[in-house]
Amino acid sequence: IDGFANRIRGSRGGMISAWVGIPDPMLVNHLAQEAFDAVVLDMQHGMWDMPSAANGIAQVRLAGKPALARIPVGDFASASRLLDAGATGIIAPMINSADDARALVRTTKYPPVGERSWGPSLALNHTGLSGDDYLKNANALTVAIAMIETRAALDAIDGILDVTGIDGIFIGPSDLSIALSNGDQVAPNAAEIDSAMQHAVARCRAHGKFACAFAADGERAGELLKFGFDLVIAGAETTQLRAGARRAINAARRI
Ligand code: 3PY
Ligand code: MG
């Protein structure tokens with residue numbers, strides 16, 4: 001689990017993460033049994049609160065996988081609390097400037113990189129590290145990920161990637177498509193989004209940082225892996241649950 005940060009920093013494609021909004025620790029434990037490389041707990045549009053997220057993180061780790069958490073917009077204080085609870089990475093939505101990126105780093109990295117405050121309670125239990133060893137290694141063992149999902153963020157991508165302590169980016173194709181169409185449409189699979197995504201992957205390569213992205217299903221996730229993304233989502237748990245239910249009903253009706 002604690003090698004994940006090094007693996008994604010050195011990875012060139014191929015990682016797939018689960019994505020969960022329903023705030024149930026047992027649900028994420030079940031999903032983590034599948035061949036996912038990580039599980040994301042979505043606190044922006046999903047319904048996790050801090051206690052349920054701490055329990056969810058524990059259940060993901062119990063299943064032998066790293067847990068990442070997406071915080072609500074601008075909720076950087078929650079970022080360090082989630083790391084304290086044992087999250088391996090923080091995904092921060094709507095990072096639109098180098099200043100936004102620095103605000104994320106401030107609460108997710110210990111000095112001298114940032115100003116993360118001390119209190120890793122559950123993270124010490126999960127990692128088995130002493131306080132001293134956790135302090136020395138936490139910046140390397142965890143990842144701070146900036147979501148790129150607006151026109152401003154695309155324009156500022158080099159400045160964001162230049163911020164020390166930002167480990168990688170995560171493209172939100174739905175918000176990006178709303179932004180690029182001036183509010184006209186949600187079209188995460190549009191050609192314009194494909195080129196923005198390929199551009200973002202190239203900029204990450206140039207800066208030696210990793211690139212992640214959301215895909216609504218496995219087929220789209222496969223396309224994004226071909227673009228060179230280091231980690232992709234292959235649909236949210238609600239989509240996977242309902243697709244599985246639909247498949248079972250259709251199979252039964254065919255007999
Ligand atoms: C987006 O597509 O905007 C996201 O934030 C992914 O969930
Ligand atoms: Mg979004």
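Every value quoted in this text rests on a predicted model; they were computed, and no experiment measured them. Residue numbering note: each chain is counted from 1, following its sequence as written. Following the order in which they are written, the chains are lettered starting with A and the ligands numbered starting with 1. Given that the model is predicted, a residue must reach a pLDDT of at least 70 before its local features are reported, and side-chain atom pairs must reach 80 or more before they are shown or counted; all residues, however, enter totals for whole chains, interfaces and linings. Processing note: side-chain calculations cover all non-hydrogen atoms of the structure and skip hydrogens and water entirely.

1. Details of the overall build of the protein
- The helix and strand labels rest on DSSP assignments: H or I over at least four residues marks a helix, E over at least two residues marks a strand, and numbering proceeds from the N terminus. Scanning the protein from N- to C-terminus turns up 13 helices and eight strands.
- The size measure is the radius of gyration over C-alpha atoms, and the globule rule it meets is 2.2 Å times the number of residues to the 0.38 power. Its C-alpha atoms give the protein a radius of gyration of 18 Å, within 12% of the compact-globule value 18 Å for 255 residues.
- Along the first, second and third principal axes, the C-alpha atoms of the protein reach 60 × 40 × 30 Å.
- Buried, partly exposed and exposed residues are distinguished by accessible area as a fraction of the type maximum, computed with a 1.4 Å probe on protein chains only: under 20%, between the cut-offs, and over 50%, respectively. Across the 255 residues of the protein, 51% fall into the buried class.
- Within the protein, residue pairs in contact and separated by at least 24 positions form 61% of the contacts whose partners lie at least 6 positions apart.
- In the form shown here, the protein has an accessible surface area of approximately 11,100 Å², with 54% of it arising from carbon and sulfur atoms.
- Taken as two groups, the 23 positive and 27 negative side-chain charges of the protein have centres that lie 5 Å from each other. We call two residues contacting when some pair of their heavy atoms lies within 4.5 Å. Accessibility throughout is a Shrake-Rupley quantity obtained with a 1.4 Å probe, and a residue counts as covered only by protein chains that appear here. We score Asp and Glu as negative and Lys and Arg as positive, and we do not count His or the chain ends. We put the charge of a Lys on NZ, of an Arg on CZ, of an Asp on CG and of a Glu on CD.

2. A few points about the environment of Ile95
- On the secondary structure map, Ile95 appears in the loop between β4 (89–92) and α5 (98–108).
- By relative accessible area, Ile95 is classed as buried at 0%.
- For the pair Ile95 and Ala152, spaced 57 residues apart in sequence, the C-alpha to C-alpha distance is 9.0 Å.
- Contacts of Ile95, omitting those with residues within four sequence positions, involve Phe76, Asp100, Ala101, Ala146, Met147, Ile148, Ala153 and Ile160.

3. Digging into the coordination of the magnesium ion (ligand 2)
- Within the protein, the atoms that donate to the magnesium ion (ligand 2) are Glu149 (OE) and Asp175 (OD), at distances of 2.1 to 2.2 Å. One end of the pair, Glu149, is in the loop between β5 (143–148) and α8 (151–155); the other, Asp175, is in helix α10 (residues 173–180), with 26 residues separating them in the sequence.
- For Glu149, a relative accessible area of 2% puts it in the buried group. Any N, O or S atom lying within 2.8 Å of the metal counts as a donor, and for Na, K and Ca the limit rises to 3.2 Å; water is left out, so some sites can look incomplete.

4. Remarks on the pattern of salt bridges
- When a carboxyl oxygen of Asp or Glu is within 4 Å of a side-chain nitrogen of Lys or Arg, the pair counts as a salt bridge. Applying the stated criterion across every chain, the model contains 10 salt bridges.
- Linking Asp99 and Arg102 is a salt bridge whose minimum nitrogen-to-oxygen distance equals 2.8 Å. Residue Asp99 and its partner Arg102 are located together in helix α5, separated by three residues, close to a single helical turn.
- Since its relative accessible area comes to 39%, Arg102 is described here as partly exposed.
- Ionic pairing is found between Glu223 and Arg220, a salt bridge with its closest N-O pair at 2.8 Å. Taken as a pair, Glu223 and Arg220 lie in helix α12 (residues 218–227) at a separation of three residues, close to a single helical turn.
- Each of Arg9, Lys109 and Asp167 takes part in a single network of salt bridges with overlapping partners.

5. A word on the packing of aromatic side chains
- Ring geometry is summarised as follows: Phe, Tyr and Trp rings, the Trp one being its six-membered ring, pair when their centres sit within 6.5 Å, and such pairs are stacked at plane angles under 30 degrees, edge-to-face over 60 and tilted between the two. Across all of its chains, the model carries five aromatic pairs by this definition.
- Look at Trp19 and Phe170: their rings are 5.7 Å apart centre to centre, the planes differ by 40 degrees, and that puts the pair in the tilted class. Here the residue Trp19 occupies a position in strand β1 (residues 15–20), and Phe170 occupies one in strand β6 (residues 168–171), the gap between them amounting to 151 residues.
- For Trp19, a relative accessible area of 6% translates into the label buried.
- Under the relative-accessibility criterion, Phe170 is labelled buried at 1%.

6. Remarks on the site of ligand 1
- Near ligand 1 the following residues occur: Trp19, Arg70, Met147, Glu149, Gly172, Pro173, Ser174, Asp175 and Phe214.
- Each polar contact in these results corresponds to two N or O atoms within 3.5 Å; when the atoms are within protein, one needs to be able to donate a hydrogen and the other to accept it, and residues that are neighboring in sequence are counted only if both atoms are side-chain atoms. The contact in question runs from an oxygen atom of ligand 1 to an N or O atom on the backbone of Pro173, over 3.1 Å.
- Asp175 has a polar backbone atom sitting 2.9 Å from an oxygen atom of ligand 1.
- The protein chains hide 91% of the 230 Å² of surface that ligand 1 would expose on its own.
- Ranked by residue count, the leading element in the shell around ligand 1 is α10, at three residues.
- Residue composition of the shell around ligand 1, by class: four nonpolar, two polar and three charged. Residues are classed as near a molecule or strand on a simple rule: at least one heavy atom within 4 Å of it. Polar here means any residue outside two lists: the nonpolar Ala, Val, Leu, Ile, Met, Phe, Trp, Tyr, Cys and Pro, and the charged Asp, Glu, Lys and Arg; Gly therefore counts as polar.

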